[in-house]
Each structure stands twice: as C-alpha cells, then as structure tokens.
Amino acid sequence: MGNVATRKRPGCHHTARSDENEEEEDGPARKRLRIAENHTENEYQKLAFKSRLQKLKNCRPHLKRRTYKVEEADPRPPLPRFIVDDYDNYEKPETANRKEFAIPWFEHLFLPEFPTRSVINEKSFILERQLGRGSFGVVYCANAIHDSERKFAIKMQEKREIISKRAVLQVKREASIQRLLPAHPFIARTYSTWQTRTHLYSLLQYPTGSTGDLFSIWRQRGSLSEAAIRLIGAELASAIDFLHRNDVIYRDVKLENVVLDQWGHALLIDFGLAKKLKQGCSTGTICGTLQYMSPDVASGHTYSHYVDWWSLGVLLHILLTGIYPYPNSEATHHANLKFIDYSTPIGCSREFANLMDRMLAVSQTHRLCSFTVLHAHPFFRSINFSKLEQKDYTPASEIGNAEYDTYQQNDETLDDALFKENYDFDRFDYFNDRF
Ligand SMILES: Nc1ncnc2c1ncn2[C@@H]1O[C@H](COP(=O)(O)OP(=O)(O)OP(=O)(O)O)[C@@H](O)[C@H]1O
C-alpha cells in the first residue's frame, strides 16, 4: 500500500493515527462523501461520527447514545441575573443573551440594590445597641469586628414587612439613591447593602459620639438658641442644596430625620421618600409627613424640589417656638391640612422672623424657594458656607443656650401632632413610576 498523506480534519481530536486505521474507521463515510462532493466539512464530521457510532453499536449493542448538556455538568455556582453593583443601569437590566438562573423570587425582588453575596455582611459586625425603629425594622449601632474603634449604624429591615406593605420599590430606590450620592459632610453615607433570605441590611454612617436625633434632643432640651438654629439650619440647607444639585428631591425633612454628632453637626438620614428628579422637572405624588407638607404637595398638583425648603422652614420654626407654624394638629389626611392662621414668631430676632415669613409663605411668589435666596438672607449673613462645610463651626457649643422664652416648654404646649408619625401612604403606588 502506498503512502497516503494524512489530512487532519477540523474538530477531530485524535492525534497521530495511521492511514489504515483512518480508512478503516471512516470508510463508509468517505465513500458517501465521494458521491456528494459538495458536502461541507461539518457534514463530513457528522457522517464520520455516525459511522463510528454504528461500529460501536455493532460490537456493544447495549450502548445507547446519550445527550449531554454542558449546563448540567457545570460545577460553578449560579450567578445572579443582573450585574451586582451596576447601579447606573438597574432600572433597565440587560437580560438579552444572558443565562437565567433560578434565584428565589424573594431574593431576586431586591436585586441588584441588595446583593445576595457580599464581602461585608452581618457577620462582620457586633451589634451594640438599638438606635431607633423604622417602618420595616430596626437600626442598630454596631462595631466592626476587625476594627472595634469604628462604629456604624446598621439598618435591618424585614422583607416580609416590606412586601406586605408593597414598599419594594421604595426601599430599592432609597438604597440606590443613597449609594449613588457623592459624599457630603451633612448627609449620612451608605457604605454597603446586602440581603439574607429574610432581611435587608444597610451599612450607614454613624455620627461620631451621636447624641441622638434632633427630635429627641429638642424634646429633652426644649427650644434651641438662634445661634444653634442658624448653624443647624445652614448645615441642613447645604445638604438639601447638594441633593437638589444632584437631581434628588428629598421630601421628608423633619426633626426625626436629622441626627447630631458630638459636636452638634447635623447628618440627614432616611431617604425613604427621596426620588431622582432632574432640576426643572416636577412630580405629583402626595407624600411626606403631614405637618411638614407644603401646600403644593397637599394640593395634589405637581411640585418640584422647592417643597424641601418649606419643610426646612417648618423644622426651624419648631426648633425655636416648639409649635407648628400652621395649626394642623387635627389633620389626619392631606386634604384636611389648612394653611391659615400663621403668625410671625414673636420674641425672636427680626431676621429670624422674616426668614420664617419667607419660607412659610403660602404664595409661591413670596416664598423663599431656593438656596441662593436662603444663602443671601440676613439671618444667614454671618455664615461662611465654605467654612461651614469644612465643619469649622461647632453647633454643640450653641445648643442648650436657648434665650427664647416666649413659649413655655412643657408637655402641654408641645403640639400633640408632633408625636404623630409619617403620613399614611394610601396614595402611593410603589409599583408605578409615578412615585
Ligand atoms: N445613620 C444613623 N445614625 C444614627 N442613628 C440612625 C441612623 N439611621 C437611623 N438612625 C436612627 O434610627 C431611626 C430610624 O431610622 P430610619 O428613619 O432611617 O428608618 P426607616 O425604616 O427609614 O424609618 P421611617 O419609617 O421613618 O422611614 C432614626 O429615627 C434614628 O434615630
């Protein structure tokens, strides 16, 4: 038999092989190929495979051809469907051409804002004490296991509660807004979020040596001095302006959502009602805390970022006088809110009185609706906002030096409604983009 050049066929994994063997093994296939010469390489392989299989069956008839799926034998653990931490695109996940894996729906529901596998998790901390309670769970002060000096706030929310209150979109939005926000000295940072089968976790900035939230401080100490209010008000104004410049409307400025550190610096927490809203755009959801709600929100018409300045006005008014500017203690629904019977605070400086008149004016034409105007207002004239953001001032030294005594601070004069919690979210449509 003469030498025949061996041609290695593409896709064939055999290495050195004698021509005879090849002839013998693929004989029938070659014959058929000769008949139909325009067969493709692929068909050639198929025929060769069939012929080999036939031969095998002849010697071992009990063998049957088995289908083999690569996916079945893949030993790697399944990956989440969306790219974890891809917060920019979370609203339009790219699923096309991606393998879908079975993730329990109660985990999938909170992806990607709350990843299921996270390097930082609840085992990395020792819970120290409870800081407060929210609608869906508890907030704890915690120490990092590997750095006992560092304290954090850990918000632990129950998935069951969130789902039953139809607030899935709300908590996801809160997490994504907070995580995407650049750092600001007066806004609590969210360092990480993750989930277990039953709970959602958020690792938050804890104000050093925290003295609690502004509501508790105000209840303990009564009215603050104008100097303290000026500093705290300026810090909050800086935080609100920062949010607006980053296309976020906050919608829940109130005493309970401000915590103070040991130097009295404010830290804005709880982004539960915040929403991404481009400057110049408006939204229409009626939400917030009744007593802090601006007439624009309560009216049911569309509104924009400026409603946060109204709520800040209410907060500053309470800090000084201990009462709400508009007596709405009986209101249980936004439709019952009345914006009448406002009177300018007495016994305070003219600047503060004027600031209140401007921030709490029902007519938008007279109302202070921007940071630029607030910044230039005589009440804040002495504040250098660059220094303020460097934390050059110390509000703590001013807290407790109240000189405002027109209103006697006792439990009876405290407006009952101050103890009423968040507004009933009956008109929220969490699964609708309107929120
Ligand atoms: N970063 C923090 N540092 C210190 N205390 C905090 C922090 N975050 C929350 N708290 C405390 O926990 C309480 C509840 O927190 P938070 O308001 O964020 O929870 P929530 O579930 O969003 O509540 P809500 O029902 O008001 O939406 C706060 O009033 C505050 O006292």
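Described in the following lines is the structure provided in the data block. Nothing here was measured: the structure is a model prediction, and the numbers come from that model.

Rules of the game
- Counting starts from 1 at the beginning of each chain's written sequence and moves along it residue by residue.
- Per-residue local features are limited, in this predicted model, to residues with pLDDT of at least 70; the limit for side-chain atom pairs, both in listing and counting, is 80 or more; totals at the level of whole chains, interfaces and linings are taken over all residues.
- Note that water and hydrogens are dropped before the side-chain values are worked out from all heavy atoms of the structure.
- Here a strand is any run of E in DSSP of at least two residues, a helix any run of H or I of at least four, and the numbering for each starts at the N terminus.
- To sort residues, take the accessible area from a 1.4 Å probe on protein chains only and compare it with the maximum for the residue type: under 20% means buried, over 50% means exposed, and anything in between is partly exposed.
- A contact between two residues is defined here by any heavy atoms of the two lying within 4.5 Å.
- For this purpose, a residue is taken to be near a molecule or strand whenever a single non-hydrogen atom of the residue falls within 4 Å of it.
- Distance and chemistry together define a polar contact, namely a pair of N or O atoms within 3.5 Å, with one atom able to donate a hydrogen and the other to accept it when in protein, and with adjacent residues in sequence counting only for side-chain atoms on both sides.
- Computed with a 1.4 Å probe, the accessible areas rest on the Shrake-Rupley method; for each residue, only the protein chains presented here act as cover.
- Here a cavity denotes grid points, spaced 1 Å and computed from the protein atoms alone, that fit a 1.4 Å probe unable to get out, and a pocket denotes an open set having protein on both sides within 12 Å along at least 5 of 7 lines; residues with an atom within 4 Å of a point are the lining.
- Put plainly, a molecule is in a cavity or pocket when over half of its atoms are within 2 Å of the grid points there.
- Classification used: nonpolar for Ala, Val, Leu, Ile, Met, Phe, Trp, Tyr, Cys and Pro, charged for Asp, Glu, Lys and Arg, polar for all others including Gly.
- An automatic or database domain assignment supplies the residue ranges for each domain.
- Two strands pair under a simple rule: DSSP has to find at least two bridges between them.
- In this analysis an axis means a line fitted to C-alpha atoms, helices contributing only their contacting stretch, and an angle means the value between N-to-C directions, from 0 to 180 degrees.
- Grid points are joined across faces, edges and corners, and a volume is the space filled by probe spheres set on the points.

Moving on to the overall build of the protein chain. Of regular secondary structure, the protein chain possesses 13 helices and 10 strands. Within the span of the protein chain, comprising 435 residues, buried residues form 45% of the whole. Counting contacts in the protein chain only where the partners sit at least 6 residues apart, residues at least 24 apart contribute 67% of the total.

Time to look at the site of the ligand. The ligand sits among 18 residues. The nearest are G134, S135, K155, Q205 and D270. Within the side chain of S135, a nitrogen or oxygen atom sits 2.3 Å from an oxygen atom of the ligand. Between the ligand and Q205 there is a distance of 2.8 Å, counted from a nitrogen atom to a backbone nitrogen or oxygen. Coverage of the ligand by the protein chains reaches 90% of its 610 Å² of free accessible surface. Most atoms of the ligand, that is more than half of them, are within 2 Å of grid points of the largest pocket. For the shell around the ligand, the elements supplying multiple residues, two or more each, are β1 (125–133), β3 (147–158) and β5 (199–205). The element that contributes the greatest number of residues to the shell around the ligand is β1, accounting for three residues. Taken together, the residues of the shell around the ligand sort by class into eight nonpolar, five polar and five charged. For the shell around the ligand, the domains that each give at least three residues are domain 1 (102–205) and domain 2 (212–397).

Moving on, we get to the sheet that holds β5. Spatially, the five strands line up as an open sheet ordered β1-β2-β3-β5-β4, and their pairing is antiparallel. Every interior strand has two partners, whereas the edge strands, β1 and β4 (190–195), have only one. Looking at each pair of strands side by side, their axes are set apart by 25° on average, direction ignored. By the bridge criterion, eight bridges tie strand β2 (residues 137–144) to β3 in an arrangement that is antiparallel. Residue pairing for β3: A144 is matched across the bridge by D147. Of the strands in this sheet, β3, β4 and β5 are in contact with helix α6 (residues 168–180), which crosses β4 at around 145°.

Turning our eyes to something else, we now look at empty space enclosed by the protein. Gaps left between atoms are located by rolling a probe of water-molecule size over the structure's atoms. Enumeration according to the criterion identifies two cavities of 30 Å³ or more in this entry. Lining the largest cavity are 14 residues, and of these R251, C287, G288, Y292 and S311 sit closest to its centre. When residues of the lining of the largest cavity are assigned to their parent elements, the largest contribution, three residues, is made by helix α10 (residues 307–321). Looking at the lining of the largest cavity, its residues break down into seven nonpolar, four polar and three charged. Taken as a whole, the second largest cavity encloses approximately 50 Å³ of empty space. For the second largest cavity, the full set of lining residues is L290, Q291, M293, W310, V314, P325, Y326, N328, L337 and F339. Its residues assigned to classes, the lining of the second largest cavity shows eight nonpolar, two polar and no charged.

Inspection of the secondary structure assignment puts L312 in helix α10. Spatially, the C-alpha atom of L312 lies 82 Å from that of R52, the residues being 260 residues apart in sequence. Every residue in contact with L312, bar those within four places of it in the chain, is listed here: G233, L236, A237, I240, V253, M359 and L374.

None of this, on its own, says anything about what the molecule does.
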